[in-house]
Amino acid sequence: MSQLLLAVQPLRDADITQLNELGVTVTTPDAISDDALANVTISYGWSATLGPKILSMPNNQLKWIQTMSAGVDYMPLKELAEQGILLTNASGLKSVPIAQSAIGYMMHFARGLNVYQNRNHWEEFTDQYMLSELPTVIFGTGHIGQQIARYLSVFNTPVYGVNTSGRPVEGFDATFSINDLSSLPEVAVVISVLPGTDATKHFFNAEMLAQFQNLFLFVNVGRGSTVDQTALLDALATQSIRYAALDVTEIEPIPDDSPLWHHDNLLLTQHTTWAEHESSGRAGNLFPLFMKNLPDFLAGKPLTTNFVDVTRGY
């Protein structure tokens, strides 16, 4: 069967040549006609405009979508499940810059840089920490969580992981099931890289945040929907959580009148921890990841790299 790939994300000429040699024809959103949308078999990236049009066509040939992001909560997962469409994500693609940002947050607050950045007079601030003094738990032990753990190991930071089953993962001192945190040791830092699903909606609510007594830092580089922002702001106001750093929020862009803007102990980086110069853009380096699956797809074999269970959302 001939394949028609809709390149929502841009491809280099060399990429297109490689695809053509494998029997894959490439088209783009500005070049494809409405009538031809039904013939698309692969969507490289997701178009919020053209994607739903394709899915609504009863004779559509769409078989596989490669997203540009790790999270897929914005995708029409129910429709994909109903139509048997394969979905792969970009998990791990930006794990290094995201992990470095997480370490940067910790350094920023632990070493007092947040205090000194706005100080315009001589006043020593020595209430600082070594990273080894800040035991950390990472919710999510996938590519990003593992990369953060690797970095923390250099600083001799005790680091624990939380995943669905509590299965051991290399790089973590111990791992715990997300449904049983009763034996989790006392920690100073919580880092969330949880995906956005029905099960994780407002996972970090007032009750959950209260379990972490006198938390030094709360970080979210996963999905904004996982955090009850009102509960987090309340915890910051009462200093039960001293600092927070959010790269993701429930509403993006953050409205100008949002109370999030008005907390000195809250750092907002506006969903940019993925950024890097070498592979610029959110989808930088996506094509090599996509190519890991393409031969199997063309051969009718299961996709094994970054395959998403659309019924679970990750």
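Quantities reported herein were computed from a predicted structural model and do not represent experimental measurements. (Residues numbered from 1 in each chain as written. Predicted model: local features only at pLDDT ≥ 70, side-chain atom pairs only at ≥ 80, totals over all residues. Heavy atoms only, no water.)

1. A few points about the overall build of the protein chain
Spelled out, the test is: The way it works is that DSSP assigns letters per residue, a run of H or I at least four long becomes a helix, a run of E at least two long becomes a strand, and they are numbered from the N terminus. Radius of gyration: C-alpha atoms only; globule rule: 2.2 Å multiplied by the number of residues to the exponent 0.38. Between buried and exposed lies partly exposed: a residue is buried under 20% and exposed over 50% of the maximum accessible area for its type, with that area taken using a 1.4 Å probe on protein chains only. Residue contacts are defined here by distance: any two heavy atoms, one from each residue, within 4.5 Å place the two residues in contact. In this description, accessible areas are obtained by the Shrake-Rupley approach with a 1.4 Å probe, and a residue is regarded as covered only by the protein chains that are shown. A positive count includes Lys and Arg, and a negative count includes Asp and Glu. His and the chain ends are not counted in either. We put the charge of a Lys on NZ, of an Arg on CZ, of an Asp on CG and of a Glu on CD.
In terms of helices and strands, the protein chain carries nine helices and 12 strands. Against the compact-globule benchmark of 20 Å for 314 residues, the protein chain has a radius of gyration of 22 Å, which places it among compact chains. Expressed as lengths along the three principal axes of its C-alpha atoms, the size of the protein chain is roughly 70 × 45 × 35 Å. When each of the 314 residues of the protein chain is scored for burial, the buried share is 51%. Taking the intrachain contacts of the protein chain between residues at least 6 apart in sequence as the baseline, contacts between residues at least 24 apart amount to 57%. Counting only carbon and sulfur atoms, one obtains 50% of the accessible surface of the protein chain, whose full area is about 15600 Å². On the protein chain, the mean spot of the 16 positive side-chain charges and the mean spot of the 31 negative ones are 6 Å from each other.

2. Examining the UniProt feature "domain: D-isomer specific 2-hydroxyacid dehydrogenase NAD-binding" (unreviewed entry) in the protein chain
Formally: UniProt positions are given in the numbering used here, feature names are shortened, and annotations may be inferred rather than shown by experiment.
UniProt's feature table lists "domain: D-isomer specific 2-hydroxyacid dehydrogenase NAD-binding" (unreviewed entry) at residues 104-272, given in the numbering used throughout. With 22% helix and 19% strand, the stretch residues 104-272 has end C-alpha atoms that lie 13 Å from each other.

3. Here's the deal with the nonpolar core
Note the threshold: Each nonpolar core is a collection of buried residues, namely Ala, Val, Leu, Ile, Met, Phe, Trp, Tyr and Cys, held together in the definition by side-chain atoms within 4.5 Å.
Formed by 31 residues in total, the largest nonpolar core has its most connected members in Val 137, Phe 139, Val 190, Phe 204, Phe 212, Phe 218 and Leu 232. Of all the secondary structure elements, the ones that give two or more residues to this core are strand S6 (136-139), strand S7 (159-163), helix H7 (206-210), strand S10 (215-220), helix H8 (229-238), strand S11 (241-246) and strand S12 (266-268). Top contributing element to this core by residue count: H8, with five residues. Those residues in contact with Phe 212 that sit more than four places away from it in its chain are Val 137, Phe 139, Leu 184, Val 187, Val 190 and Ser 240. Grouped together as the second largest cluster of nonpolar side chains are 28 residues, Met 106, Ile 148, Val 193 and Ala 245 included.

4. A short note on the pattern of salt bridges
Side chains that differ in sign of charge can pair as their charged atoms come close. Note the cut-off: Within this document, salt bridges are pairs made up of a side-chain nitrogen of Lys or Arg and a carboxyl oxygen of Asp or Glu, the two lying within 4 Å of each other.
For the structure shown, the criterion picks out seven salt bridges. Here Glu 123 ties to Arg 119 by a salt bridge, and the two come within 3.8 Å at their closest N and O atoms. On the basis of relative accessibility, which here comes to 39%, the residue Glu 123 falls in the partly exposed class. Note that Asp 127 and Arg 242 form a salt bridge whose closest N and O atoms lie 2.7 Å from each other. Residue Asp 127 is located in the loop between helix H5 (113-116) and S6, and its partner Arg 242 is located in strand S11; the two are separated by 115 residues in the primary sequence. According to the relative accessible area criterion, Asp 127 is partly exposed, its value standing at 36%.

5. Section: unusual backbone geometry
The step from Glu 252 to Pro 253 runs through a cis peptide bond, and the omega angle for that step is -5°. At Asn 156, a position not held by glycine, the phi torsion is positive, near 60°. Within the secondary structure layout, Asn 156 lies in the loop between helix H6 (143-154) and S7. The class for Asn 156 is exposed, based on a relative accessible area of 62%. The phi torsion at Asn 214 lies on the positive side, around 50°, for a residue other than glycine. Within the secondary structure layout, Asn 214 lies in the loop between H7 and S10.

6. As for the packing of aromatic side chains
For clarity, the threshold we go by: Each aromatic pair joins two rings of Phe, Tyr and Trp (for Trp, the six-membered one) with centres within 6.5 Å, and gets the label stacked for planes under 30 degrees apart, edge-to-face for over 60, and tilted for any other angle.
For the coordinates displayed, the defined rule picks out 15 aromatic pairs. Through successive ring pairs, a cluster of aromatic residues spans Tyr 44, Trp 64, Phe 287, Phe 290 and Phe 297.

7. Section: the domain arrangement of the protein chain
Put simply, the rule reads: By convention here, the domain bounds are inherited from an automatic or database domain assignment. Reported buried area values correspond to the accessible surface (1.4 Å probe) lost by two parts on association, with both partners' losses combined.
Along its sequence, the protein chain is organised into domain 1 (1-90 + 284-297) and domain 2 (93-266). Here the C-alpha centre of domain 2 lies 34 Å away from the C-alpha centre of domain 1. On the domain 2 side, the residues contacting the nine residues of domain 1 number four residues. When domain 1 packs against domain 2, the two sides together hide about 520 Å² of surface, and 51% of this comes from carbon and sulfur.

8. Description of H8
Note the following rule: Pairs of N or O atoms within 3.5 Å make up the polar contacts considered here, provided that, within protein, one atom can donate a hydrogen while the other can accept it, and that residues adjacent in sequence are counted only when both atoms are side-chain atoms.
Along H8, the residues that are buried comprise Gln 229, Ala 231, Leu 232, Leu 233, Ala 235 and Leu 236. Along its buried surface, H8 packs onto H7, S10, S11 and S12. For H8, the N-terminal capping position is held by Asp 228, with its side-chain oxygen 3.1 Å away from the main-chain nitrogen of Thr 230. Among the residues trailing H8, Gln 239 stands out with phi positive, at a value near 65°.

9. Quick look at the sheet that holds strand S1 (residues 3-7)
Spelled out, the test is: In this description, strands pair whenever DSSP reports at least two bridges between them. For helices, the fitted axis covers only the stretch in contact; all axes are lines through C-alpha atoms, and the angles between them, taken along N-to-C directions, range from 0 to 180 degrees.
Reading across from one edge, S2-S1-S3-S4-S5 is the order of the five strands in this open sheet, with parallel pairing throughout. Each edge of the sheet is formed by a strand with only one pairing partner; in this case those strands are strand S2 (24-27) and strand S5 (86-88). Across the sheet, the axes of successive neighbouring strands diverge by a mean angle of 20°, strand direction being ignored. Contacting S1 and S2, helix H1 (residues 13-21) runs over the sheet at an angle of about 140° to S2.

10. Observations regarding the sheet that holds S7
With parallel pairing, the seven strands of this open sheet are ordered in space as S8-S7-S6-S9-S10-S11-S12. Each of the sheet's edge strands pairs with one partner strand only, and the pair in question is strand S8 (174-177) and S12. Mean inter-strand twist for the sheet, computed between neighbouring axes without regard to direction, equals 15°. Bridge analysis of strand S9 (residues 189-192) against S10 gives four bridges, and the strand direction is parallel. Its bridge partner being in S10, Ser 192 is matched across the sheet by Asn 220. On the sheet, helix H4 (residues 95-110) packs against S6, S9, S10, S11 and S12 and is oriented at approximately 150° with respect to S10.

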